[in-house]
Amino acid sequence: MTIIDGKKISNDIQDEIAIEVNSIKSKNERIPHLAAVLVGNDGASETYVAAKVKACERVGFKSTLVRMLATTSEDELLKKLEELNNDDDIDGYIVQSPLPKHIDEYKVIEAILPKKDVDGFHPQSVGRMALDLPTYLPATPFGIVQLLDRYKIETSGKHCVVLGRSHIVGSPMSILMARNANPGNCTVTICHSRTANLKEFTLKADIIIVALGKPEFLTADMVKDGVVVIDVGITRVPSDKTKTGFRLLGDVKYDEVAPKASFITPVPGGVGPMTIASLLFNTLKASKKEVYK
Ligand code: NAP
């Protein structure tokens, strides 16, 4: 069994990006610039955005954090996005979710100029992904594809079962695993809360990608020997053994599934770190105008 080290792969990708940025700097060209919009002061969002800004510094990108109050109206936010759309110095930006309840998330996503949509959530980005056209792939699914690629995990002809159908993970993941590409070329089954006899599917899977947000959902009796398991889930559970008072649990009962798996991602240190690497990768692509001229 091989434990997939997402932290190492994420660092490798960030090092590769840093080399490109150094070369851009040495030619006195414009360095990539990522902006992040944070509305309100949700604790987890603060942590995620801080990590993204820190990663930008690490690879030599310029970064801008746009902080807005939790009471910001939808119109005010849309106006700010228009400014970012028109700011030629910014290559790409993200709007950290969740947004306050009074703001329509889809209106916000649609307001992002597709050429600056480095999170890959705009309908145009999703459509281009489905059509196999150049685009920004959503960060978490793209990070998983990178893990499969860099660990040289064979996917062609395999049966991949994706648990969860969210717009940010499960659904795009199923598209990427089914497309005619490497990694890809899988026969894909997508399961969700209405799936009957879910275990029948997971037992037949060569690759299982779990994105439910249900701690330790996937147990050893649900998988066959030699399965590849990618655990996307992150749930904070109270713990008296850590300084923070909580620990992170994935969607896989790791201790019992790992011995049956050929490859498995741990939580933390598996898929999580890849999300940032993907975001930086997309921003570099945006600055090089690889998707849109
Ligand atoms: P989500 O939007 O809540 O979607 C969860 C999906 O799981 C839904 O499709 C839901 O089905 C399905 N589901 C829930 N209970 C189920 C059950 N008992 N059996 C079968 N399917 C069930 O979640 P998400 O945004 O995709 O996130 C999933 C997990 O990944 C969360 O823990 C999140 O924190 C984590 N995450 C991690 C990263 C990372 O960087 N590592 C990034 C994003 C998300 P229905 O559609 O039928 O409701």
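What you see is a predicted model, and the numbers here were worked out from it, not measured in a lab.

Undergrad: Help me understand the site of the ligand in this model?
TA: Around the ligand lies a shell of 20 residues, among which Arg165, Ser166, Ser193, Ile234 and Thr275 are the nearest. Residue valine 232 places a main-chain N or O atom 3.4 Å away from an oxygen atom belonging to the ligand. Threonine 275 has a polar side-chain atom sitting 2.8 Å from an oxygen atom of the ligand. When the ligand is considered free in solution it has 930 Å² of accessible area, and contact with the protein chains removes 69% of it. Each residue belonging to the shell around the ligand can be placed in one class, and the counts come to nine nonpolar, nine polar and two charged.

Undergrad: Explanation requested: the sheet that holds strand E7 (residues 207-210) in the structure shown.
TA: Sheets are built from strands that pair by backbone hydrogen bonding, the pairs being arranged parallel or antiparallel. Pairing within the open sheet is parallel, and its six strands lie in the order E1-E11-E8-E7-E5-E6. Two strands lie at the open edges of the sheet, namely strand E1 (2-3) and strand E6 (187-191), each paired on one side alone. Lying over the sheet, helix H7 (residues 170-178) contacts strand E5 (159-163), E6 and E7, oriented at roughly 170 degrees with respect to E6.

Undergrad: I would appreciate a short explanation of unusual backbone geometry in the present structure.
TA: A cis geometry characterises the amide bond from asparagine 182 onward to proline 183, with omega recorded as -5 degrees. Note on placement: proline 183 falls in the loop between H7 and E6. One non-glycine residue, asparagine 185, lies in the positive phi region at around 55 degrees. With respect to the helices and strands, the residue asparagine 185 is situated in the loop between H7 and E6.

Undergrad: Looking at this model, I keep getting lost on the packing of helix H6 (residues 139-150) against helix H10 (residues 272-287). Mind explaining?
TA: For any two helices packed against each other, one specifies the crossing angle of their axes together with the interaxial distance. Here H6 crosses H10 at 100 degrees, and the two axes come no closer than 8 Å. If you check the angle between H6 and H10, you find them roughly perpendicular. Contacts between H6 and H10 involve Ala139, Thr140, Phe142, Gly143, Gln146 and Leu147 from the former and Met274, Thr275, Ser278 and Phe281 from the latter. When its residues are assigned to classes, the contact of H6 with H10 shows five nonpolar, five polar and no charged.

Undergrad: Quick question: what am I supposed to make of a nonpolar patch on the surface here?
TA: On the surface, Tyr48, Ile234 and Leu248 cluster together into a nonpolar patch covering about 270 Å² of accessible area. Within the fold, tyrosine 48 resides in helix H2 (residues 43-59).

Undergrad: Looking at this model, I keep getting lost on the pairing of E6. Mind explaining?
TA: On a regular strand, each side chain points to the face opposite its neighbour's, so the side chains alternate between the two faces of the sheet. Here five bridges tie E5 to E6, and the two strands are oriented parallel to one another. Bridging from a neighbouring strand, leucine 163 pairs with cysteine 191 of E6. Taking the sense of rotation as the criterion, the β-α-β connection linking E5, H7 and E6 turns out right-handed.

Undergrad: Is there a simple way to explain the environment of alanine 211 in this structure?
TA: Structurally, alanine 211 can be placed in the loop between E7 and strand E8 (227-231). In this structure, the C-alpha to C-alpha distance between alanine 211 and glycine 164, residues 47 residues apart in sequence, is 5.2 Å.

Undergrad: Help me understand the packing of aromatic side chains, please; the structure alone is not making it clear to me.
TA: Scanning the entire structure with this criterion turns up three aromatic pairs. Ring centres of phenylalanine 142 and phenylalanine 281 lie 5.1 Å apart, and the angle between their planes is 50 degrees; on these two criteria the pair is classed as tilted. Residue phenylalanine 142 is located in helix H6, and its partner phenylalanine 281 is located in helix H10; the two are separated by 139 residues in the primary sequence.

Undergrad: Help me understand the sheet that holds strand E3 (residues 62-68) in this model?
TA: What the three strands build is an open sheet, ordered E3-E2-E4; its pairing is parallel. Each end of this open sheet is capped by a strand with a single partner; those strands are E3 and strand E4 (92-95). Put simply, the sheet's adjacent strands are angled 15 degrees from each other on average, direction ignored.

Undergrad: Looking at this model, I keep getting lost on the side chain of threonine 72. Mind explaining?
TA: Among the secondary structure elements, threonine 72 is positioned in the loop between E3 and helix H3 (74-86). On the basis of relative accessible area, threonine 72 is assigned to the buried category, the value being 6%. Apart from the residues within four sequence positions on either side, threonine 72 is in contact with Val39, Leu77, His102 and Ile103.

What counts, and at which threshold
- Residues numbered from 1 in each chain as written.
- Predicted model: local features only at pLDDT ≥ 70, side-chain atom pairs only at ≥ 80, totals over all residues.
- Heavy atoms only, no water.
- Near = heavy atom within 4 Å.
- Polar contact = N/O pair within 3.5 Å; in protein donor to acceptor, adjacent residues only side chain to side chain.
- Areas by Shrake-Rupley, 256 points an atom, 1.4 Å probe, with all protein chains shown as cover.
- Nonpolar A, V, L, I, M, F, W, Y, C, P; charged D, E, K, R; others polar.
- Pairing = 2+ DSSP bridges.
- Helix = DSSP H or I, 4+ residues; strand = E, 2+ residues; numbered from the N terminus.
- Contact = heavy atoms within 4.5 Å.
- Axes fitted to C-alpha atoms, helices over the stretch in contact; angles between N-to-C directions.
- Parallel < 35°, antiparallel > 145°, perpendicular 65-115°, else oblique.
- Patch = residues over 30% accessible without salt bridge, like charges linked within 9 Å, V, L, I, M, F, W, Y side chains within 5 Å.
- Salt bridge = Lys/Arg side-chain N within 4 Å of Asp/Glu carboxyl O.
- Right-handed = clockwise from strand over helix to strand, strands pointing away.
- Phe/Tyr/Trp six-rings, centres within 6.5 Å; stacked < 30°, edge-to-face > 60°.
- Buried < 20%, exposed > 50% of the residue type's maximum accessible area, 1.4 Å probe, protein only.

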